[in-house]
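Below are the chains, spelled out letter by letter.
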Amino acid sequence: SPARQICRAREMLARSMSRLARSLPLLAERRLVSVSASRLSPDVTTEPMPAAAYPPLHSRAARRERLQAALAAAARGEDFLIPPAERRALPGPCGAVMNVLRDGGPMASKRLFELCQERYPGVLRSVTHMKEDILLKALLNKVVRVSSGGVGLKNLWAIRRRNQVRMALARKSKGKRRENSAATSSRERKTD
């Protein structure tokens, strides 16, 4: 049937793509050495890295993006080259928040977001993204909430000092949170 043929064709394509992806690093190394030596012109100079260069991004999404670019170039008839990971001019969101907190000391969420946007434009999406995804998840054990006057509401973010007590959210064990949520949902189901 046509549906089976389409399914088989998709499976074959997936297998060939996985084989190609496994052999890409070897092909890319051989190809990059030969092509880069032949394409270098005498006027190309190697400049030193700028002082604000950050390490290259080796995440799965970044590697996939470089691979897709190489496959698209090969489909156009160009040489198949996987470009090397380049150093970035801006840090990621966690690095941006930590740099601003390190330089400016404890500060409120809105002020922290404004300074991050000023120094590193486009790194953070919103105040909510910064609070929920960066401060309360990725940097959970690195930052703490502190009060402005020593007494009262903890409304400022600061970098956690050595041996300083973590936030209550960070001290809770993950297993207990899962068990509590499962117990709550099972109680809700029994009452319905």
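Before any of the text, the structure's been laid out above.
This section reports on the structure supplied with the text. Note that the structure is predicted; figures quoted are calculated from it, not measured.

Quick word on the nonpolar core
Right, so step 1: If you look at the biggest cluster of nonpolar residues, it comprises 24 residues, and the most contacted ones within it are V97 and L112.
Right, so step 2: Mapped onto this core, the elements with two or more residues apiece are α3 (93-104), α4 (109-119), α5 (127-138) and β1 (143-146).
Right, so step 3: Counting residues per element, this core draws most heavily on α3, at five residues.
Right, so step 4: If sequence neighbours within four positions are ignored, V97 has contacts with L112, C116, L124, M130, I134, L135 and L139.
Right, so step 5: A70, L71, F80 and I82 belong to the second largest nonpolar core, which has five residues in total.

Notes on the environment of R119
Right, so step 1: Within the secondary structure, R119 sits in helix α4.
Right, so step 2: For R119 and N99, which are 20 residues apart along the polypeptide, the C-alpha to C-alpha distance reads 9.7 Å.
Right, so step 3: Ignoring any residue separated from it by four or fewer positions in sequence, one finds R119 in contact with N99, V100 and D103.
Right, so step 4: Looking at R119, its side chain comes within polar contact range of the side chain of D103, at 2.7 Å.

Describing the packing of α3 against α5
Right, so step 1: Here α3 crosses α5 at 85 degrees, and the two axes come no closer than 11 Å. Between α3 and α5, the crossing angle belongs to the class labelled roughly perpendicular. Between α3 and α5, the residues in contact are P93, C94 and V97 and H129, M130, I134, L135 and A138, respectively.
Right, so step 2: Classifying every residue of the contact of α3 with α5 gives seven nonpolar, one polar and no charged.

Describing the packing of α3 against α4
Right, so step 1: One can describe the packing of α3 onto α4 by two numbers: an axis separation of 10 Å at closest approach and a directional angle of 110 degrees. By the criterion of interaxial angle, the relationship of α3 to α4 is roughly perpendicular. For the pair formed by α3 and α4, the contact residues are A96, V97, N99, V100, L101 and D103 on the first element and L112, L115, C116 and R119 on the second.
Right, so step 2: Partitioning the contact of α3 with α4 into residue classes produces seven nonpolar, one polar and two charged.

Thresholds applied
- Residues numbered from 1 in each chain as written.
- Predicted model: local features only at pLDDT ≥ 70, side-chain atom pairs only at ≥ 80, totals over all residues.
- Heavy atoms only, no water.
- Core = buried A, V, L, I, M, F, W, Y, C linked by side-chain atoms within 4.5 Å.
- Buried < 20%, exposed > 50% of the residue type's maximum accessible area, 1.4 Å probe, protein only.
- Helix = DSSP H or I, 4+ residues; strand = E, 2+ residues; numbered from the N terminus.
- Contact = heavy atoms within 4.5 Å.
- Polar contact = N/O pair within 3.5 Å; in protein donor to acceptor, adjacent residues only side chain to side chain.
- Axes fitted to C-alpha atoms, helices over the stretch in contact; angles between N-to-C directions.
- Parallel < 35°, antiparallel > 145°, perpendicular 65-115°, else oblique.
- Nonpolar A, V, L, I, M, F, W, Y, C, P; charged D, E, K, R; others polar.

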